[in-house]
Protein chains: 2
Amino acid sequence: MTKWVYRFPGDDPADKMLLGGKGANLAEMARAGLPVPPGFTLTTAACHAYRQAGGRLTDEMLEQVSAAIAWLERETGKGFGDPANPLLVSVRSGAPISMPGMMDTVLNLGLNEDTVEGLARRTDNARFAYDCYRRFIQMFGDVVLGIPHYLFEQALDKVKQRRGVTEDQQLTAEDLQDVIQQYLRIVEREVGRAFPRQPREQLEMAIGAVFRSWDNQRAVVYRRIHRIPDDLGTAVNVQSMVFGNMGDDSGTGVAFTRNPSTGEPVVFGEYLTNAQGEDVVAGIRTPQPIARLAEEMPAIYEQFLRVCQQLEQHYRDAQDIEFTIERGRLYLLQTRSAKRTAQAALRIAVDMVNEGLITRHEAVQRVEPEALDQLLHPRIDPDAPVTELARGLPASPGAASGRIVFDADTAQQRAQAGESVILVRTETTPEDIHGIVAARGILTSRGGMTSHAAVVARGMGKPCVCGCDALEIFEKDGRCRIGETWLQEGDVISIDGATGRVLLGEVPQIEPELSEDLERLLAWADEIRTLGVRANADNPEDAAKARAFGAGGIGLCRTEHMFMDPVRVPIVQRMILAATPDERAAALEELLPMQRGDFYGILKAMDGLPVTIRLLDPPLHEFLPNLEDLVAREAALRVRLEYEADRADLRAELRQVETLLAKVRRLHELNPMLGHRGCRLGITFPEVYEMQVRAIYEAAAQLVREGYHPQPEVMIPLVGHVEELRRMRALVERVHAEVQATTGVEVPLSVGTMIEIPRAAVTADEIAECAEFFSFGTNDLTQTTFGFSRDDAEGKFLHVYVEDKVLPENPFATLDQTGVGRLMAWAIREGRRVRPELKLGICGEHGGDKRSIHFCHELGLTYVSCSPYRVPLARLAAAQAALGGRA
Amino acid sequence: MTKWVYRFPGDDPADKMLLGGKGANLAEMARAGLPVPPGFTLTTAACHAYRQAGGRLTDEMLEQVSAAIAWLERETGKGFGDPANPLLVSVRSGAPISMPGMMDTVLNLGLNEDTVEGLARRTDNARFAYDCYRRFIQMFGDVVLGIPHYLFEQALDKVKQRRGVTEDQQLTAEDLQDVIQQYLRIVEREVGRAFPRQPREQLEMAIGAVFRSWDNQRAVVYRRIHRIPDDLGTAVNVQSMVFGNMGDDSGTGVAFTRNPSTGEPVVFGEYLTNAQGEDVVAGIRTPQPIARLAEEMPAIYEQFLRVCQQLEQHYRDAQDIEFTIERGRLYLLQTRSAKRTAQAALRIAVDMVNEGLITRHEAVQRVEPEALDQLLHPRIDPDAPVTELARGLPASPGAASGRIVFDADTAQQRAQAGESVILVRTETTPEDIHGIVAARGILTSRGGMTSHAAVVARGMGKPCVCGCDALEIFEKDGRCRIGETWLQEGDVISIDGATGRVLLGEVPQIEPELSEDLERLLAWADEIRTLGVRANADNPEDAAKARAFGAGGIGLCRTEHMFMDPVRVPIVQRMILAATPDERAAALEELLPMQRGDFYGILKAMDGLPVTIRLLDPPLHEFLPNLEDLVAREAALRVRLEYEADRADLRAELRQVETLLAKVRRLHELNPMLGHRGCRLGITFPEVYEMQVRAIYEAAAQLVREGYHPQPEVMIPLVGHVEELRRMRALVERVHAEVQATTGVEVPLSVGTMIEIPRAAVTADEIAECAEFFSFGTNDLTQTTFGFSRDDAEGKFLHVYVEDKVLPENPFATLDQTGVGRLMAWAIREGRRVRPELKLGICGEHGGDKRSIHFCHELGLTYVSCSPYRVPLARLAAAQAALGGRA
């Protein structure tokens, strides 16, 4: 005889293919001794048999169902169809693979005009009993008898109209009896027979309906989309219903096994005596904290604590529980992994390792890396009262307060005068760098998550809110409007880069810290991960911060920010605009000691760890005055001279502007992203790179003499052809040898390149011959592989692409594995083929993105490099990737 | 006994490995009965034996050399060391693989103080004889005895000083005797023994020296670089010398077997009686045309004509010959394939097929495809006198004369008034298109071979000279300076786009024609080639021209040029700047019939052939006024209002400019190349593409009704992700169905995409699912794969890259096989895997480049597409590729 029916609690193994997901889970909980309402499962095999029998429950099945019902009556002490103490059951589908919402459910099965009275008596709540019955008829009518919804709804609406009420809640027990009578009439009219009053008949019909629902249109389509085989079939779960409104020894509530906000290992939750779930939700009565249960029902409370512990033991995680107490008996209606804050996740994971409940590996997998971002930036104190002016995009996390300034120069002046400032601009450009450096935070009205402001701010770990539509700037008037509020330069605002909020005035903040729990978790992560984590840092402070956050080196030290220093800009401009080689040499001579100082500080801060220094990358015109400004100045001066022809001063100024404009125009580019930058500068102006390389090795030599162990790695940007790298490598080797000869000090030599141009990726075999390391510059590689200019795409079409799902996600945020990733895989395969010991890293923003880190792990990279603030996130994500989880 | 010495003429097969390249060639010519001076070759095996014997000629070798010399004396009727009639020989190296200039040569061997007198008598030219002797001592001293060059040169200089002359030519016979005495003393002093006077000793020493030269430093390095095995060894060729200055029955000359300029099958050349080669070169006497030989030496002339025929029979190509007649005997000193003009190459190839000398396949391989470019554009009449003002880059071939204009609007106005104009600008931008269309030719002072002007002009087949440094434009003054000449708007100049010449005034031109010879050759090419050839054409005239030149369809019809039509620009601007969807729809409604007319004309011109129409590609701001101009206008108006605050008209104008500026700014992009263009426009403004697709199918439907067979192929530009193509394809299919439903006419549907973004190439497997064809847009693909903006790279660094050999060549001119080519190969492999019948084409400028066409053939493309004028070139190059030759 085939076993078609499995009871829970029972002794059979929980076979998901046979019992379906829900059935197996109920069996598992019951077998673990957890108090779930008892019931039984008709197997997926029964589903096949039902369909093969032409949509009929076989006699064998019916016999087994009868036996199970009899057992259930014994288990619950209730009788199926017994008006004195009616057993009610739910009938639910449950396939081996979850198909949420696709198939049907019937609740409160077993009610009829007799048992409903029994339910009313037992719960002392006639309204509740009639409402249950009404719902049952409606559900059964819909699911089992195929009567259109709206017929029942119309009937209900009519009664409400008649009673002059609008809400179901306002109907009385008598009203509901009226509804029931009408529902029964609808059934009789629609199906030509009376509503089945026998619970056994109801049950058989409901089971058949659930089996049939496997083949309903929605389910078939769902399976096709999700590639679920049609022949799996569904199981049917029949479970006894329990009620928390059966007197003062009953109740219902929700609880967490640990505090979901702090992680404190104390049961946390609330309950209502003599109530059902709906009452808790409706908020008519105020629930009690769970601790009160110790006084009201001490035994139940004790049991509840045990159950919580048991649940954690069984599921090995903090649980979010719905429970009901029916006449002094505790039942779990649902348990699932508890949602929690970042802080709680951290504490729970670490505590559970200490409690021996989970392993370190599991603990590492329990914390969402992105959540760490919340913990590692200053935050707006959540308890402080705030005035929200507007919201923009949460472009770079952290909170900042300061005085509004509208331009970079003012930002710098006020900051130097000791003020905190927020730089408020339409959008930022590389020329605003000194203002961004000086400001506490950045607010822009245009540009997206990958706009210049956002990228630079994230790189600096500085709060930024971008694309705040409600912000309108009237720079010339020195004021702006944010939403309805007019503000002037010098007024104080706060921004919250984690949420995009713009707030009025100063707001109290909470400073970030690497808590003991986090340090411990990250130490475990470090034991697990195989992927290195470095940081992108351009100055000693950031380097030190990165080291404190656990970075194993600097993956990207950009030298152009050093050129942006306001003291240096004039020298840099002199270098760029030099009319003769001698003039250029003189300017470079001035820059050399400054750069040497920069490198000295960074290499010292990262003593003993590798520091990858990228030689100058951006086009030179980024260091020059803006072309449009000069055009406007020239035009204005010309007109002014029309009116004041004798002004020699204006004439002189015009000549100056014209000269400068001519030079800027000569350097101007139509597509600077694809223009004269990176190693193309190194090839055409080798003296600039030579100065930088000299500064690096002289700084390193000095450190060696002082007893340090600097590990500079020189990185050549924007290589597309091996010959570029070959020549730049020769330059580096020559200067390295010269510095060693002059100083008599040995400094390690390591030269590599960015892979940020598709051609570099596809000719990686050639390039690897000249490179000790590759660093995937995935920001630029994404731009060139997609043919997207990040500056333009965001505002013009990329948001549409992401919203309309033309692209699955923003490729500047999460690495595009299908396109960019294939090029990376090619480069890695070919590069390692030629040079097996090749070091491979990534230094684009993707280095701080969880899913991208997983992909980098799979690609077999040596390390990822990201902003200092994201180093902990990366350490954790790398460990999770090593544990093989899915990102 | 090993045979170490092979004589020529002789009967042995010409084995290159044994006799070396030169030896085998001499043997071959001699065996063919051609009159080469007799001689013999010591084999490469002898070289090995020499080295193994410790640098010694074995007795066996010496015996064989003696026998060969005796034979040679008989052959020539001269005696080795015989003062009465001395036999002189040359001794040269000759390895199996040519190593030009790497090894040594000794001429005039056999001279000493006795034989030199004999030579003087026989030639009746003592000065010549002594000069030969002097040179022989010097060469022998250097090559065989290892005496430093400069010692001989110093001695020669001293004699010249003493005689008060500066040129060797000015030394008399007596002077040279003096030099000889000094040379002999140098030898004695340096090597400690007298110069060897016995010819036999001279010969043995020279042979040994040539064998040793195989191991000299230069040769070893050369072999290493060119990967030539060290153990090949060299042969030594000993050949009797002949002299054309032995009297009136002697002479020397050069000749071509056919006219190298016209190809006419008549021997062409010149000679001098009683002279040697140097006399011809020195130009002291005027040579006679070869025909005169028929009178002066009729027998020799007859023999010469026979020899020419024999040479062509043997080498199966027109030859360039050096010959000498010594005492009534004709000798060939050198013969090689004759250099020839394009026209000659064509005629010779076709004639030789008709003469049965070569096959059609060979004829097709004989003509250089690039040469056709000369034939297919108007040319400056080479016989016309011209005044050259300057030279720029030969950016687009063809000649044009016209009046100078400095801006596109004027160009258009004057052209409409019936004038021929040359557009003269610093550089051109897309906004100048209407001016380029209107002008006969373009001249720019900046930008390279791939600048905007160059690319557009080549695409239109319009002459263009770019980057003419000597041109300075003073647009505001309406004049320019070219070199030293000042010219005004309206002055006439001519440009020669094939050479880069800029000429003063109007210059007579020769119009191009597809000659009968060319038509025949191309017909043969068409029989051979497997690669299709299409043309890039945007209007019916170009389409018709392309068809006349043999194009099998249009590979790229750009629709943006249609938008640039001056009548349409205002409508296009209204469409772009539309404030509401209705406004945009109205503008598109106006454009629809115009576009329909465009497509009607092109599809009709190409009736029955496929026409690939690319939907709108460039960023919309290209159709709007220039941003900088607006900035300047705004600045100027603001200042003007400061002085004239009450001018309401200025205030109104300012408001207008501000509004326009704001809109242009909104559309402005930092990197337009990577911005909002191509299908990104189609996704965000589907109504524009919809209008274009409707215009295409309505035009096609009309043609079908009229009995034509239009074959439109709709091409979606700039696809990077399959989803872009999927959506655009759906749009095309929808509109196609609508037009079919409305018109009731069936029109073929074909949708494909450009592959011009690296991501499209690496995800070709996905993209092929939605595309019937791929067209490689290698212009943009080169830009994105290299990360080069073509507009910026040319002027800023690419010329340096090409000059300094950082890149082997300009990748915009010749396809970069290592980088871009790998991406193409990937896309082709993956695309064909998914869709085996996928059509594959290329529509970048590389489609007209010979080497790139070879590569496309190897990649297995279906067709290349190029400018109409390059279609013949492409047909020929495709045939050559099919014949497996190297490009």
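Residues numbered from 1 in each chain as written. Chains lettered and ligands numbered in written order. Predicted model: local features only at pLDDT ≥ 70, side-chain atom pairs only at ≥ 80, totals over all residues. Heavy atoms only, no water.

A. Structural view of the overall build of chain A. For chain A, the count of helices and strands is 35 helices and 31 strands. Dimensions of chain A, computed from C-alpha atoms along their principal axes, come out at roughly 105 × 65 × 55 Å. As displayed, chain A offers around 35300 Å² of accessible surface, 48% of which is attributable to carbon and sulfur atoms. Across chain A, the 99 positively charged side chains and the 127 negatively charged ones have centroids separated by 3 Å. (Helix = DSSP H or I, 4+ residues; strand = E, 2+ residues; numbered from the N terminus. Areas by Shrake-Rupley, 256 points an atom, 1.4 Å probe, with all protein chains shown as cover. Lys, Arg positive; Asp, Glu negative; His and termini not counted. Charge placed at Lys NZ, Arg CZ, Asp CG, Glu CD.)

B. Fine view of the relation of the copies chain B and chain A. Structural alignment of chain B on chain A gives an RMSD of 0.4 Å, achieved by rotating through 179° and translating 0.0 Å along the axis. Here the transformation between the copies is reduced to the relation of a two-fold axis. In terms of proximity to the rotation axis, the leading residue of chain B is Asn671 of chain B, whose C-alpha is 1.9 Å off the axis. Of the interface residues in chain B, 100% have counterparts in chain A that sit at the interface too, so the contact is made through matching surfaces. (Least-squares fit on C-alpha atoms with pLDDT ≥ 70 in both. Contact = heavy atoms within 4.5 Å.)

C. Looking closely at helix α3 (residues 59-76) of chain B. Residues and elements named next belong to chain B. With 18 residues, α3 should reach 26 Å at 1.5 Å per residue; the first-to-last C-alpha distance of 26 Å fits that figure. In this structure, the buried side of α3 is in contact with β1 (5-8), β2 (39-42), α2 (44-52), β3 (89-94), α8 (199-213) and β5 (235-240). Directly beyond the C-terminal end of α3, a positive phi value near 70° is found at Gly77. (Expected span 1.5 Å × (residues − 1).)

D. Spatial organisation of the confidence of the model for chain A. Looking at chain A, pLDDT values average 91 and 98% of them are 70 or higher. Reported confidences for the modelled complex are a pTM of 0.78 and an ipTM of 0.78. (pLDDT = per-residue confidence, 0-100.)

E. A look at the sheet that holds strand β8 (residues 288-289) of chain A. Residue and element names in this part refer to chain A. Here we have 5 strands laid out as an open sheet, ordered β8-β7-β6-β9-β10, and antiparallel in their pairing. In this open sheet, the two edge strands, each paired with only one partner strand, are β8 and β10 (329-337). Summarising the sheet, strand β7 (residues 268-273) and β8 pair through 2 bridges and their orientation is antiparallel. Each bridged residue has a counterpart across the sheet, and for Glu270 the counterpart in β8 is Pro289. Relative to the sheet, helix α12 (residues 298-315) contacts β6 (251-256), β9 (319-326) and β10, its axis offset from that of β10 by approximately 30°. (Pairing = 2+ DSSP bridges. Axes fitted to C-alpha atoms, helices over the stretch in contact; angles between N-to-C directions.)

F. View of the pattern of salt bridges. Tallying each qualifying case throughout the model produces 143 salt bridges over all chains. Two residues, Arg360 of chain A and Glu527 of chain A, come together in a salt bridge whose shortest N-O distance is 3.4 Å. Within this pair, whereas Arg360 of chain A is found in helix α14 (residues 360-366), its partner Glu527 of chain A is found in helix α19 (residues 516-528), the two being separated by 167 residues in sequence. Judged by its relative accessible area of 40%, Arg360 of chain A is partly exposed. Glu830 of chain B is paired through a salt bridge with Arg833 of chain B; the nearest N and O atoms lie 2.6 Å apart. Of this pair, Glu830 of chain B and Arg833 of chain B both sit in helix α33 (residues 820-834), 3 residues apart, which is roughly one turn of the helix. On the accessibility criterion, Glu830 of chain B (12% relative accessible area) is buried. (Salt bridge = Lys/Arg side-chain N within 4 Å of Asp/Glu carboxyl O. Buried < 20%, exposed > 50% of the residue type's maximum accessible area, 1.4 Å probe, protein only.)

G. Local environment of the environment of Met594 of chain A. Residue and element names in this part refer to chain A. Its place among the elements puts Met594 in helix α23 (residues 581-605). With 504 residues separating them along the chain, Met594 and Ser90 place their C-alpha atoms 77 Å apart. Setting aside residues no more than four positions away along its own chain, Met594 makes contact with Arg568 and Ile571.

H. Looking closely at the nonpolar core. Ranked by size, the top nonpolar core spans 330 residues in total, and within it Leu521, Ile716 and Phe776 of chain A together with Leu521, Ile716 and Phe776 of chain B carry the most contacts. Once residues within four sequence positions are removed from consideration, Leu521 of chain A is found in contact with Leu346, Ala349, Val350, Ala363, Val364, Val367 and Leu876 of chain A. Formed by 64 residues, the second largest nonpolar core is a distinct cluster that contains Met61, Leu87, Leu119 and Ile147 of chain B. (Core = buried A, V, L, I, M, F, W, Y, C linked by side-chain atoms within 4.5 Å.)

I. Summary view of unusual backbone geometry. All names here are of chain A. A cis geometry characterises the amide bond from Phe8 onward to Pro9, with omega recorded as 0°. Mapped onto the elements, Pro9 comes out in the loop between β1 (5-8) and α1 (16-31). Phi at Arg327 is positive, roughly 50°, even though this residue is not glycine. Relative to the helices and strands, Arg327 resides in the loop between β9 and β10. Judged by its relative accessible area of 35%, Arg327 is partly exposed. If you check the backbone angles, Leu718 has positive phi at about 65° while not being a glycine. The topology assignment puts Leu718 in the loop between β27 (711-716) and α28 (722-743). Owing to a relative accessible area of 2%, Leu718 belongs among the buried residues under this scheme.

J. Molecular detail of the pairing of strand β25 (residues 554-558) of chain A. Residues and elements named next belong to chain A. Burial of β25 is extensive: 5 of the 5 residues sit out of reach of the surface. The pairing of strand β24 (residues 532-536) with β25 spans 2 bridges and is classified as parallel. Following the sheet pairing, Ala535 is matched in β25 by Ile554. Pairing between β25 and strand β26 (residues 610-614): 3 bridges, direction parallel.

K. Representation of the interface of chain B and chain A in the model. Taken together, the contact pairs 63 residues of chain B with 63 residues of chain A. Summed over both sides, the interface between chain B and chain A buries roughly 5600 Å², with carbon and sulfur atoms accounting for 57% of that surface. At the junction of chain B with chain A, the criterion picks out 8 salt bridges. Residues Arg759 of chain B and Asp816 of chain A are paired through a salt bridge, measuring 2.7 Å at the closest nitrogen-oxygen approach. The interface formed by chain B and chain A includes 40 residue pairs in polar contact (both at pLDDT 80 or more). Ranked by residue count, the leading element in the side of chain B that touches chain A is helix α24 (residues 627-643) of chain B, at 11 residues. In terms of residue class, the side of chain B that touches chain A is built from 27 nonpolar, 13 polar and 23 charged. (Buried area = accessible area lost by both parts, 1.4 Å probe. Polar contact = N/O pair within 3.5 Å; in protein donor to acceptor, adjacent residues only side chain to side chain. Nonpolar A, V, L, I, M, F, W, Y, C, P; charged D, E, K, R; others polar.)

L. How the structure looks around the packing of helix α13 (residues 342-354) of chain A against α19 of chain A. Residue and element names in this part refer to chain A. At their nearest, the axes of α13 and α19 sit 9 Å apart, and the two run at 65° to each other. Compared by their axis directions, α13 and α19 come out roughly perpendicular. Considering the relative orientation of α13 and α19, their crossing is left-handed. Note on element contacts: α19 touches α13 through Asp517, Leu518, Arg520, Leu521 and Trp524, opposite Leu346, Arg347, Ala349, Val350, Val353 and Asn354. Here the contact of α13 with α19 is built from residues that sort into 7 nonpolar, 1 polar and 3 charged. (Parallel < 35°, antiparallel > 145°, perpendicular 65-115°, else oblique. Left-handed = near helix turned anticlockwise from the far one by under 90°.)

M. Broad picture of the environment of Arg705 of chain A. Residues and elements named next belong to chain A. Of note, Arg705 is situated in helix α27 (residues 686-705). For Arg705, a relative accessible area of 54% corresponds to the exposed category. Expressed as a C-alpha distance, the spacing of Arg705 and Arg479, which sit 226 residues apart in the sequence, is 54 Å. Beyond its immediate sequence surroundings of up to four residues, Arg705 is in contact with Thr743 and Val745.

N. Structural view of the packing of aromatic side chains. All told, the structure shown has 32 aromatic pairs over all chains when counted by the stated rule. Pairing Phe474 of chain A with Trp486 of chain A gives two aromatic rings, centres 5.5 Å apart and planes at 35°, and the pair type is tilted. Within this pair, whereas Phe474 of chain A is found in strand β18 (residues 471-474), its partner Trp486 of chain A is found in strand β20 (residues 485-488), the two being separated by 12 residues in sequence. When its relative accessible area of 27% is taken as the criterion, Phe474 of chain A is described as partly exposed. Ring centres of Phe549 of chain B and Tyr869 of chain B lie 6.0 Å apart, and the angle between their planes is 65°; this geometry places the pair in the edge-to-face category. Of this pair, Phe549 of chain B sits in the loop between α20 (540-548) and β25 (554-558) while Tyr869 of chain B is found in the loop between β31 (863-866) and α35 (871-882), placing the two residues 320 residues apart along the sequence. Judged by relative accessible area, Phe549 of chain B falls into the buried class, the value being 13%. Relative accessible area serves as the criterion here: at 12%, Tyr869 of chain B is assigned to the buried category. Taken together, the ring pairs in this structure connect Phe786, Phe788, Phe797 and Tyr801 of chain A into an aromatic cluster. Its guanidinium or amino end placed over the ring of Tyr863 of chain A, Arg534 of chain A lies 3.9 Å from that ring's centre, counting from NZ or CZ. (Phe/Tyr/Trp six-rings, centres within 6.5 Å; stacked < 30°, edge-to-face > 60°. Lys NZ or Arg CZ within 6 Å of the ring centre and 35° of its normal.)

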